[in-house]
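Descriptive structure summary
Single-letter residue listing:
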Amino acid sequence: SPESVQAREIFGDGASTPGALARAEGGTLLLESIDQLAPSLVQRLADGLRGGTVRARLIGTATRPATSNPLGAHPIELGSLAERREDILPLAVHFLAEFAAEESIEAIGFNGEARRLLLEETWPGNVRELRERIRQAIRLAGQGAISAEALMLATDLDGVPSFKDAKRAFETRYVEVLLR
């Protein structure tokens, strides 16, 4: 069951495999989408915190406000990325540098149209969606400035090349990178 999988991930199997709590002992454990945890597991975490058996700082993310607070949490509410437009470009630059370093690519930023469309996008998936779009764009674009097309943000379909032309452009960039 999903609850037993969650329990095994957090608390371990009781024998050979330690759970995330044991691995985070003395440190911090980030529980993403804590609002999706089974209520019995939230209660088990709360009991462990009160009883001192949980020896890690817990940070949880949630997509909706908590209706109750059994963990004694101190909520910090962040608006959506669309409500914090001033954060979009600095985050995009950060993710670009991170993924370019991972791929050993020298990315030089975003072209003007890409910057404009990054700011206009509604980002329903918030920072996670932005991060994944940047990761994919690095793989598509390779060296140089990241375009709106690489970010899959192009809105003008008249400007989209045919599949044949896009494939030819990709193959050309691919061979250039290999030759370098």
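Below is a short write-up of the structure. From a predicted model like this one, the values you see are computed outputs, not experimental measurements.

The next thing to look at is unusual backbone geometry. Most peptide bonds take the trans configuration, and most residues that are not glycine carry a negative phi. Of note, serine 33 is a non-glycine position whose phi angle comes to about 55°, a positive value. You can call serine 33 partly exposed: its relative accessible area is 28%. The phi dihedral of methionine 152 is positive, around 60°, even though this residue is not glycine. Relative to the helices and strands, methionine 152 is located in the loop between strand 4 (144-146) and helix 7 (163-179). When its relative accessible area of 46% is taken as the criterion, methionine 152 is described as partly exposed.

Enumeration according to the criterion identifies one aromatic pair in this entry. Lying over the aromatic face of phenylalanine 11, arginine 44 brings its terminal NZ or CZ to 3.7 Å of the ring centre.

This part takes up the nonpolar core. By size, the foremost hydrophobic cluster in this structure holds 23 residues, and its most contacted members are Phe110, Leu118, Leu130, Ile134, Ile146 and Leu151. Looking at this core, the elements that each hand over two or more residues are helix 4 (88-103), helix 5 (112-120) and helix 6 (126-141). If we skip the residues at most four places from it in the chain, leucine 118 touches Arg85, Ile88, Leu89, Ala92, Phe110, Trp123, Leu130, Leu151 and Leu153. Counting 15 residues, the second largest nonpolar core, distinct from the first, contains Ala7, Ile10, Ile34 and Ala38.

Approximately 1700 Å³ is the volume attributed to the largest pocket. Taken together, 37 residues make up the lining of the largest pocket; nearest its centre are Ile34, Gly60, Thr61, Ala62 and Thr63. Elements represented by at least two residues in the lining of the largest pocket include exactly helix 3 (39-51), strand 2 (57-60) and helix 6. Broken down by element, the lining of the largest pocket gets its largest block of residues, four residues, from helix 3. Among the residues making up the lining of the largest pocket, the classes are represented as 17 nonpolar, 15 polar and five charged.

Another aspect to go through is the pairing of strand 2. The sheet contact formed by strand 1 (residues 28-31) and strand 2 spans four bridges and is parallel. Bridging from a neighbouring strand, leucine 30 pairs with isoleucine 59 of strand 2.

So, on to the packing of helix 4 against helix 6. Between two packed helices, what matters for the description is the angle formed by their axes and the separation of those axes. In contact at an axis separation of 9 Å, helix 4 and helix 6 are set at 45° when each is read in the N-to-C sense. When the interaxial angle is binned, helix 4 and helix 6 end up oblique. In this structure, the crossing between helix 4 and helix 6 has a hand that is right-handed. Where helix 4 abuts helix 6, its residues Ile88, Leu91, Ala92, Phe95, Leu96, Glu98, Phe99, Ala100, Glu102 and Glu103 lie against Val127, Leu130, Arg131, Ile134, Arg135, Ile138 and Arg139.

Before going further, it helps to spend a moment on helix 6. Here helix 6 contains 16 residues, and its C-alpha end-to-end distance of 22 Å stays within 8% of the 22 Å for a straight helix at 1.5 Å per residue. Buried residues of helix 6: Glu129, Leu130, Arg133, Ile134, Arg135, Ala137, Ile138 and Ala141, and no others. Residues of helix 6 that are buried in the fold lie against helix 4, strand 3 (107-110), helix 5, strand 4 and helix 7. One or two positions beyond helix 6, positive phi appears at glycine 142, with a value near 70°.

As a further point, take the pattern of salt bridges. A full pass over the atoms with the stated rule returns nine salt bridges. Here arginine 84 and aspartate 87 are joined by a salt bridge, their closest N and O atoms 2.9 Å apart. Residue arginine 84 is classed as buried on the basis of its relative accessible area of 17%. The exposure class assigned to aspartate 87 is partly exposed, which follows from its relative accessible area of 26%. Between arginine 131 and glutamate 132 there is a salt bridge, with the nearest N and O atoms lying 4.0 Å from each other. In this structure, a network of salt bridges that share partners links the residues Glu98, Arg131, Glu132 and Arg135.

The rules behind these values
- Residues numbered from 1 in each chain as written.
- Predicted model: local features only at pLDDT ≥ 70, side-chain atom pairs only at ≥ 80, totals over all residues.
- Heavy atoms only, no water.
- Buried < 20%, exposed > 50% of the residue type's maximum accessible area, 1.4 Å probe, protein only.
- Helix = DSSP H or I, 4+ residues; strand = E, 2+ residues; numbered from the N terminus.
- Phe/Tyr/Trp six-rings, centres within 6.5 Å; stacked < 30°, edge-to-face > 60°.
- Lys NZ or Arg CZ within 6 Å of the ring centre and 35° of its normal.
- Core = buried A, V, L, I, M, F, W, Y, C linked by side-chain atoms within 4.5 Å.
- Contact = heavy atoms within 4.5 Å.
- 1 Å grid on protein atoms, 1.4 Å probe; cavity = no way out; pocket = protein on both sides within 12 Å on 5 of 7 lines; lining within 4 Å.
- Points joined across faces, edges and corners; volume = space filled by probe spheres on them.
- Nonpolar A, V, L, I, M, F, W, Y, C, P; charged D, E, K, R; others polar.
- Pairing = 2+ DSSP bridges.
- Axes fitted to C-alpha atoms, helices over the stretch in contact; angles between N-to-C directions.
- Parallel < 35°, antiparallel > 145°, perpendicular 65-115°, else oblique.
- Left-handed = near helix turned anticlockwise from the far one by under 90°.
- Expected span 1.5 Å × (residues − 1).
- Salt bridge = Lys/Arg side-chain N within 4 Å of Asp/Glu carboxyl O.

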